[in-house]
Amino acid sequence: MTLIEWQDEFKIGIDEVDFEHQELIGLINDSYLEAKKEDSIMAVMDFLGEIFERISAHFALEEKVMKELDYDQFEDHKEDHERLLDSIRDIMDECMDVPALDEEKFGQHLKEWFSRHFSTKDARMHHFLHH
Ligand SMILES: [Fe+2]
Ligand SMILES: [Fe+2]
């Protein structure tokens, strides 16, 4: 089962950003599938490392776009990005600590981590751009 189904609401209306949103969801879904396999902790850690790198680059892109557009909630959005980077570090630490990965918990954690930002901060940026 796919963890996060792609939805058009995940688009903010800037091709580069939307493309990355799609890629990130793909990576998150793949890491969840990996987590369901036996003894996959090292592979999952690799995925998380990759997600961390890509998400950092993605946030940098969004922040650049927001600056260019003179986005009114730039600071607030950027703070949320920083919080998300911290929490993915926490997810990585947690994975290293537990003797066996609880893949459902792991999946839920990732899903919430990602969707919450999407449906609040990125969605607001979408409205700002289109109204
Ligand atoms: Fe985003
Ligand atoms: Fe964002």
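I will try to describe carefully the structure that is included in this document.

1. Thoughts on the nonpolar core
Then, number 1: Ile-28, Leu-48, Phe-106, Trp-113 and Phe-114 are the most contacted members of the largest nonpolar core, which totals 27 residues.
Then, number 2: Those elements that place two or more of their residues in this core are helix 1 (15-35), helix 2 (41-69), helix 3 (74-97) and helix 4 (103-130).
Then, number 3: If one sorts the elements of this core by residue count, helix 2 sits on top with seven residues.
Then, number 4: Contact partners of Phe-114, with chain neighbours within four places excluded, come to Ile-4, Leu-24, Ile-25, Ile-28 and Ile-55.
Then, number 5: Counting eight residues, the second-largest nonpolar core is a separate cluster that includes Val-17, Val-65, Met-66 and Tyr-71.

2. Examining the environment of Leu-61
Then, number 1: One can find Leu-61 in helix 2.
Then, number 2: Taking the relative accessible area as the measure of exposure, Leu-61 reaches 10% and is therefore buried.
Then, number 3: When the C-alpha positions of Leu-61 and Lys-36 are compared, they lie 32 Å apart, and in sequence the two are 25 residues distant.
Then, number 4: Leave out the neighbours within four places in its chain, and Leu-61 touches Glu-16, Val-17 and Glu-20.

What counts, and at which threshold
- Residues numbered from 1 in each chain as written.
- Chains lettered and ligands numbered in written order.
- Predicted model: local features only at pLDDT ≥ 70, side-chain atom pairs only at ≥ 80, totals over all residues.
- Heavy atoms only, no water.
- Core = buried A, V, L, I, M, F, W, Y, C linked by side-chain atoms within 4.5 Å.
- Buried < 20%, exposed > 50% of the residue type's maximum accessible area, 1.4 Å probe, protein only.
- Helix = DSSP H or I, 4+ residues; strand = E, 2+ residues; numbered from the N terminus.
- Contact = heavy atoms within 4.5 Å.

Note that all results are geometric; they support no functional claim without further evidence.
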